[in-house]
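Coordinate inspection notes
One-letter residues, chain by chain:
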Amino acid sequence: KKITGSNNICVSGGSFLNCNTNELILKSNLYDGNYFIPCADDSGIPLGCSWWGYKFIDGEFAPGNNMLSPYTGKVYSHNEIELDLRRFLSETNSEESLDIQYYTSKEDQIKDLAFKISENMVVGFFQGGSELGPRALGNRSILASPKKEWVKDYINHEIKMREWYRPFAPSVLYENQSDVFDLDVFSPYMLVTARVKEEWKKRIPSVVHIDGTSRYQSVISEFNPDYYSLIKNFYDLTGIPLVLNTSFNGPDEPIVETPYEALRTFWRRNIKSLYIGNYIISRK
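Please read these numbers as outputs of a predicted model, since none were measured by experiment.

Our focus in this paragraph is helix H1 (residues 19-27). Three or more residues of H1 are buried, namely Cys-19, Asn-22, Glu-23, Ile-25 and Leu-26. For H1, the angular spread of buried residues about the axis comes to 160°, placing them on one side. Looking at the buried side of H1, the elements it contacts are strand S1 (8-11), strand S2 (33-36), strand S7 (192-195) and strand S8 (213-219). Looking one or two residues beyond H1, the residue adopting positive phi is Asn-29, at roughly 60°.

In structure tokens, the structure reads:
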């Protein structure tokens, strides 16, 4: 700040995947604008090079300088999902153990999934292109209700098979985040921590870390309309404007990418329901 006199900061480098550091930058009030790019580590180098080239070729004021959507992965077609579903059912011989519901209405599908989450069911959520950067942001996510303390232990022990103290993050409706947290900073990439307000700690225990903080994701309809709608439906059912969100993977694998990988992890890790394409697939 002393060297540049700038009122804005954009950080990169793996150090700025540290959410606590980013929180301190925000709370220092040194800058009017703070930008934490989701691929702050080496994976962001090609993005930075491409952006520099674009600005170099088209000039300093090239059009299209918009907020970066993190959902840059391949989008799988209905036919690709159908093929992977048939392959999965054939390989696992699981069709009789599953309730496979097909929806023509996206609104009804999301309402039904929100109800399942409100009933403390742990679900897989697979949609659109996978996320850029280190976080699951609602396209390759395992979701659950934040209301019950046991949910955190269940996911850590039974699904993730990892240490008991590992925290989970909330995905929160942007317009309601200041009700729950002591920061009101737009955090679409889940790269800052904030203190949970005292009156909320007992209402959302499964997303409050031992130090009273949460690494939250701000969700807006413009970035992810279906995920926003799911959280809004959950809010209407429970009065809580957020859901527990963790990456969609088991203990021995990266985040799922393809429909087949989502189906396989859903089956192997004993997840209750899976939202994928026009389907909700649930264990009977």
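Moving on: the state of the cysteines. Applying the stated criterion to the full structure yields zero disulfides. In this model Cys-19 remains outside any disulfide bridge; the closest cysteine sulfur is found in Cys-39, 15 Å from its own.

What follows covers a nonpolar patch on the surface. On the surface, Trp-52, Phe-56 and Ile-57 cluster together into a nonpolar patch covering about 450 Å² of accessible area. Considering the arrangement of structural elements, one finds Trp-52 in helix H2 (residues 45-58). By relative accessible area, Trp-52 is classed as exposed at 58%.

Turning to the sheet that holds strand S3 (residues 98-102), a few remarks are in order. Judged by pairing direction, the sheet is mixed, and its nine strands sit side by side in the order S3-S11-S10-S4-S5-S9-S6-S8-S7 without closing on themselves. What marks the edges here is a single partner per strand, and that holds for S3 and S7. Strand-to-strand twist across the sheet, computed as the mean angle between neighbouring axes with direction ignored, equals 35°. As paired strands, strand S5 (residues 140-144) and strand S9 (residues 242-247) are joined by four bridges and run antiparallel to one another. Its bridge partner lying in S9, Ile-142 is registered against Thr-246.

A separate point is empty space enclosed by the protein. For the coordinates displayed, the defined rule picks out one cavity of 30 Å³ or more. Within this model, the largest cavity holds a volume of roughly 50 Å³. What lines the largest cavity is Tyr-71, Pro-188, Gln-217, Ser-218, Val-219, Ile-220, Phe-223, Asn-224 and Tyr-227. A total of three residues in the lining of the largest cavity trace back to one element, the largest contributor, which is S8. Taken together, the residues that form the lining of the largest cavity break down as six nonpolar, three polar and no charged.

A few words now on the pairing of S5. With five of five residues buried, S5 lies mostly within the body of the structure. Going residue by residue along S5, you find Arg-140, Ile-142 and Ala-144 tucked away on one face and Ser-141 and Leu-143 tucked away on the opposite face as well. The pairing of strand S4 (residues 123-126) with S5 spans four bridges and is antiparallel. Following the sheet pairing, Val-123 is matched in S5 by Leu-143.

Cut-offs used in this document
Residue numbers restart at each chain and count upward from 1, following the sequence in its written direction. Per-residue local features are limited, in this predicted model, to residues with pLDDT of at least 70; the limit for side-chain atom pairs, both in listing and counting, is 80 or more; totals at the level of whole chains, interfaces and linings are taken over all residues. With hydrogens and water stripped out, all remaining heavy atoms of the structure feed into the side-chain values. Note on classification: 1.4 Å probe, protein chains only; a residue is buried when its accessible area is under 20% of the maximum for its type, exposed when over 50%, partly exposed between these limits. Helix numbers and strand numbers start at the N terminus; a helix is a DSSP run of H or I with at least 4 residues, a strand a run of E with at least 2. Here the arc refers to the directions that run from the helix axis out to each C-beta atom. Any two residues whose heavy atoms approach within 4.5 Å at even a single point are treated as in contact. Two cysteine sulfur atoms form a disulfide, by the criterion used here, when they sit within 2.5 Å. In this analysis, a patch consists of residues with relative accessible area above 30% that form no salt bridge, clustered at 9 Å for like charges and at 5 Å for the nonpolar side chains Val, Leu, Ile, Met, Phe, Trp and Tyr. Only the protein chains shown count as cover for residues, and all accessible areas are computed by the Shrake-Rupley method using a 1.4 Å probe. Here, a salt bridge means any Lys or Arg side-chain nitrogen found within 4 Å of an Asp or Glu carboxyl oxygen. DSSP-based pairing: two strands are paired if at least 2 bridges between them are found. Simply put, an axis is a line fit to the C-alpha atoms, just over the touching stretch for a helix, and the angle between two N-to-C directions goes from 0 to 180 degrees. A 1.4 Å probe that fits into a set of points on a 1 Å grid over the protein atoms alone but cannot get out defines a cavity; an open set with protein on both sides within 12 Å along at least five of seven lines defines a pocket, and lining residues are those with an atom within 4 Å of a point. Grid points are joined across faces, edges and corners, and a volume is the space filled by probe spheres set on the points. Classification used: nonpolar for Ala, Val, Leu, Ile, Met, Phe, Trp, Tyr, Cys and Pro, charged for Asp, Glu, Lys and Arg, polar for all others including Gly.

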